[in-house]
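Structural overview
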Amino acid sequence: MAGHLNRRYNEVTYLTTHNSFASKDTGWIFAQQTYSIREQLERGVRAFMLDIHEYDNDIHLCHGSCDPITSRLQNPGDLVALHEILQEIKTHLDTFPEAVITLLFESRVTNRARLRQQFEASNTLDYIFYADRENVTPTSSWDVEHQGWPQLAWMVENNKRLVVFSDHKSGDDGLPYFWNFAVENFFGDKGLFDETKWIESRPESSQLTDSTKPLMLLNYFPTFDLLSGVLPDTGRYDSINNYYRILTQTYDCFRVSERLPNFISFDYFERGKNGGPVRAVYKINRERGNQLPRYREHPVLWRVNQKYDSGTRPDIATHPDGALIEVHQSQYEPTLWYHVGVAYENVVRWGASHQYAPGMRPAVAAHPEGWVVAVHEGERGETLWYMVGWLNNDEIEWGPAQQYDDGVSPDVAVHPDGWIIEVHQSENHERLWYHIGKIDGERIRWSKSREYDTGIQPAVAVHPSGRIVEVHQSENHNALWYHIGVLGQHGIEWTESVEYNHGKRPTVAIHPRGYILETHESAHGDAVWYHTGKLIGTMVEWGGAFRFDSGETPAITATPDGRVVSVLNREKLWYKGKLWYHLGALQ
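For the structure given in this document, a descriptive report is provided here. Throughout this document, residue positions are counted from 1 along each chain, in the order its sequence is written. Where local features are concerned, this predicted model is filtered to residues with pLDDT of at least 70; where side-chain atom pairs are given and counted, the filter is 80 or more; whole-chain, interface and lining totals use all residues. Hydrogens and waters are ignored; side-chain quantities use all the structure's heavy atoms.

1. Regarding the pattern of salt bridges
Any Lys or Arg side-chain nitrogen located within 4 Å of an Asp or Glu carboxyl oxygen qualifies as a salt bridge. Summed over all chains, the structure comprises 19 salt bridges. One salt bridge connects Lys90 with Asp94, and the closest N-O pair in it is separated by 2.6 Å. One end of the pair, Lys90, and the other, Asp94, are both in helix H3 (residues 82–95), four residues apart, so they sit about a helical turn from each other. Judged by its relative accessible area of 15%, Lys90 falls in the buried class. Numbering goes from the N terminus for both helices and strands, where a helix is a DSSP run of H or I of at least four residues and a strand is a run of E of at least two. Categorising residues by exposure relies on relative accessible area from a 1.4 Å probe, with only protein chains included: less than 20% of the type maximum marks a residue as buried, more than 50% marks it as exposed, and the intermediate range marks it as partly exposed.

Spelled out as structure tokens, the structure:
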């Protein structure tokens, strides 16, 4: 939400999940989501459709009914009380002070005191923004009826960041009646597959053209028949939640209603070809008259650039203690060398250069526990090797080099949980593969390699949130693409690749402030460029590309105190390799 704070609440599209509570992660058999609400929040969901029922002197989340037979068939676990979910939402609101969250209740509650107790028990009552009454804070007040919807900035500043609605027309539950403020299309198969119905309103709603209702909900999920006893086919959501299909339906509704939806509700929101729901919502927000502010670029203010050695194919990483670990290949022969350095305000002090292995095209990463992990090609290429070392002052005590696969152009990163993430290109084909591994003494126990895309020259980094950022070059032209991945039980779950620029040999790193740092060569010529970007859910919002030198094979890292260090070969002819570093900081 940070990029949308100057927009009113009704001028933003929110990624919404349908039956948000019915997830595989929480034990639901007839699930309509994969992840728990906590995980959905972390992945960028900002509106939740929740079915609430009074049962056994409490309020629970159930689908259809909370009676023992129906509820146990759907979820063999214990019933979940509403206040438990509200507590998870409160934790997220406290962690992310600019987050604004909406709850859309399908309410079977008639006891408003009991419902209020749920908010009181979770300490979320003071966060609520009501659409049907004046919202009073110690320093301000806001009444939608007389002032329209507030800017998100007002809601953030006054900590009124939990918007609640109910479909209970009588108002017995004490919550604002949703259809007094919003229009909504047909739900289920009619709203998803019938082109005449997805642009028509559901019976309870005014027409989609009713401009007196400032909000719009676009239902985008198929009918789910619990009585059939057939489990949902999650694979079908790859095509249902196709990015281009979502945009087509959204723009059809826009053609009729002359407005974009505020909520688009999905089942299995993380699935979908070409970027799926997350990318579509991001795109729609950018399309709102092109008035939404872009990610504020943070260009690097480069303070110094100096030669530090001779060689080619440099890579660089930052050790947990702040030391810089640089590796490179000799420009004369297939041998690998490293430096250890320390970045000061205006200079990097490098230690001596040490040979550590035969090989080519090295890459390096640092483990949270202090290990140094290096990967490289063999002396003749086409074989992949790794080494594990330990930093001792300005030298690294290396274990033996060990082959782990065949391939070329490896890169490596380390997950906050200690998992080693390795990517490489096939030795004979332009296909991309990854490994996951764990350090065991001087060895890494690797998983089986898995193919994830086509392309060449892959690079990888891991965001503090645990999300994996991968960049690579297209196999048949100089397009640059990225993936976002999440480490799961069965490997890495990747989003669809997204093109972000043109160039060659991209590399990627993460700044301590969470920004993405990317470097690459020009598609033509000898210029080197960098981007900064911000990770939003499973998308990257990139700033512009900036040229910062001439040369080739750039790499980049950032120190714990925020300094940015890039290394590159300043000479276009590799055998004349002169290695330079740049030192700077984000503005």
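2. Some details on the nonpolar core
In these notes, a set of buried Ala, Val, Leu, Ile, Met, Phe, Trp, Tyr and Cys residues joined through side-chain atoms within 4.5 Å is what counts as a nonpolar core. In this structure, Leu103, Phe105, Phe119, Leu162, Val164 and Tyr482 are the most contacted members of the largest nonpolar core, which totals 72 residues. The contact rule is simple, with two residues in contact once any of their heavy atoms fall within 4.5 Å. When sequence neighbours within four positions are dropped, the list of residues in contact with Leu103 reads Phe48, Leu50, Leu86, Ile89, Leu162, Val163, Val164 and Phe165. Val100, Trp142, Leu215 and Phe263 belong to the second largest nonpolar core, which has 28 residues in total.

3. Examining unusual backbone geometry
Phi at Asn19 is positive, roughly 45 degrees, even though this residue is not glycine. Within the secondary structure layout, Asn19 lies in the loop between strand E1 (14–17) and helix H1 (37–42). On the basis of relative accessibility, which here comes to 3%, the residue Asn19 falls in the buried class. A positive phi angle, near 55 degrees, is found at Ser409, a position not held by glycine.

4. Some details on helix H10 (residues 276–287)
If you check H10, its first and last C-alpha atoms are 16 Å apart, about what 12 residues at 1.5 Å a residue would give, namely 16 Å. Counting buried residues in H10 gives nine out of 12 residues, a clear majority hidden from the surface. Within H10, the full set of buried residues consists of Gly276, Pro277, Val278, Arg279, Ala280, Val281, Tyr282, Ile284 and Asn285. Buried residues in H10 make contact with E1, helix H9 (243–257), strand E12 (263–266), strand E36 (527–536) and strand E37 (539–542). Here the expected span of a helix is defined as 1.5 Å times the quantity of residues minus one.

5. Comments concerning the environment of Arg43
Within the secondary structure, Arg43 sits in the loop between H1 and strand E2 (47–55). On a C-alpha basis, the gap between Arg43 and Met539 in space is 10.0 Å, while along the polypeptide they are 496 residues apart. Arg43 has contacts with Tyr35, Phe269, Glu270, Val486, Glu493 and Gly537, leaving out every residue within four places of it along the chain.

6. Thoughts on the packing of H9 against H10
Viewed as axis vectors pointing N to C, H9 and H10 meet at an angle of 40 degrees, and their least axial separation amounts to 8 Å. Looking at the two axes, H9 sits oblique to H10. Between H9 and H10 lies a crossing whose hand is right-handed. Every residue of H10 that contacts H9 at Tyr243, Tyr244, Ile246, Leu247, Thr250 and Tyr251 is listed here: Gly276, Pro277, Arg279, Ala280, Lys283, Ile284 and Glu287. Gly falls in the polar group here, along with every residue not listed as nonpolar (Ala, Val, Leu, Ile, Met, Phe, Trp, Tyr, Cys, Pro) or charged (Asp, Glu, Lys, Arg). By residue class, the composition of the contact of H9 with H10 is eight nonpolar, two polar and three charged. Here, axes are lines fitted to C-alpha atoms. For helices the fit covers the stretch in contact, and angles between N-to-C directions go from 0 to 180 degrees. Working rule for angles: under 35 degrees goes down as roughly parallel, over 145 as roughly antiparallel, 65 to 115 as roughly perpendicular, anything else as oblique. In a left-handed crossing the near helix is turned counterclockwise from the far helix by less than a right angle, and in a right-handed crossing that turn is clockwise.

7. Concerning the state of the cysteines
In this description, a disulfide is simply a cysteine sulfur pair whose atoms lie within 2.5 Å. Scanning all chains against the criterion turns up one disulfide. With a sulfur-sulfur separation of 1.9 Å, Cys62 is cross-linked through a disulfide to Cys66. In this structure the cystine formed by Cys62 and Cys66 twists about its S-S bond by roughly 105 degrees; its chirality is therefore right-handed.

8. Thoughts on the pairing of strand E26 (residues 431–440)
For two strands to be treated as a pair, DSSP must find at least two bridges joining them. Both strand E25 (residues 420–425) and E26 contribute to a ladder of six bridges, which runs antiparallel. Bridged to Ile421 within E26 is Ile436. What sits between the antiparallel neighbours E25 and E26 is a turn of five residues. Where E26 meets strand E28 (residues 450–454), four bridges bridge the pair, whose relative direction is antiparallel. In the strand pairing of E28, Leu432 is matched with Asp453. Note: E26 against strand E27 (residues 443–446), four bridges, orientation antiparallel. Residue pairing for E27: Asp440 is matched across the bridge by Arg443. The loop that links E26 with its antiparallel partner E27 comprises two residues; one of these, Gly441, has a positive phi angle of about 70 degrees.

9. Observations regarding H3
Taking 1.5 Å per residue, 14 residues should reach 20 Å; H3 reaches 20 Å between its end C-alpha atoms and fits that length. Turning to H3, its buried residues number three or more, namely Leu82, Ile85, Leu86, Ile89, Lys90, His92 and Leu93. All buried residues of H3 project into a common sector of 160 degrees when viewed along the axis, lining one side. Each C-beta atom gives one direction from the helix axis, and the arc is the one those directions make.

10. Section: the sheet that holds strand E13 (residues 300–310)
Across the sheet, four strands lie side by side as E13-E41-E40-E39; this open sheet has antiparallel pairing. Pairing within the sheet leaves two strands with one partner each, and these edge strands are E13 and strand E39 (552–558). Neighbour to neighbour, the strand axes of the sheet diverge by 20 degrees on average, direction disregarded.

11. Here's the deal with the pairing of strand E35 (residues 516–521)
The element E35 is extensively covered by neighbouring structure, given that six of its six residues are classed as buried. Residue alternation in E35 divides its side chains into two sets, Ile516, Glu518 and His520 and Leu517, Thr519 and Glu521, and both sets are buried. Where strand E34 (residues 504–510) lies against E35, five bridges are found, and the strand directions are antiparallel. Residue pairing across strands places Val508 opposite Glu518, the latter belonging to E35. Hairpin geometry of E34 and E35 is characterised by an intervening segment of five residues between the two adjacent antiparallel strands and by a positive phi of about 95 degrees at Gly514. Bridge count for E35 against E36 is six bridges, and the pairing is antiparallel. Within E36, the position partnered with Ile516 by the bridge is Gly533.

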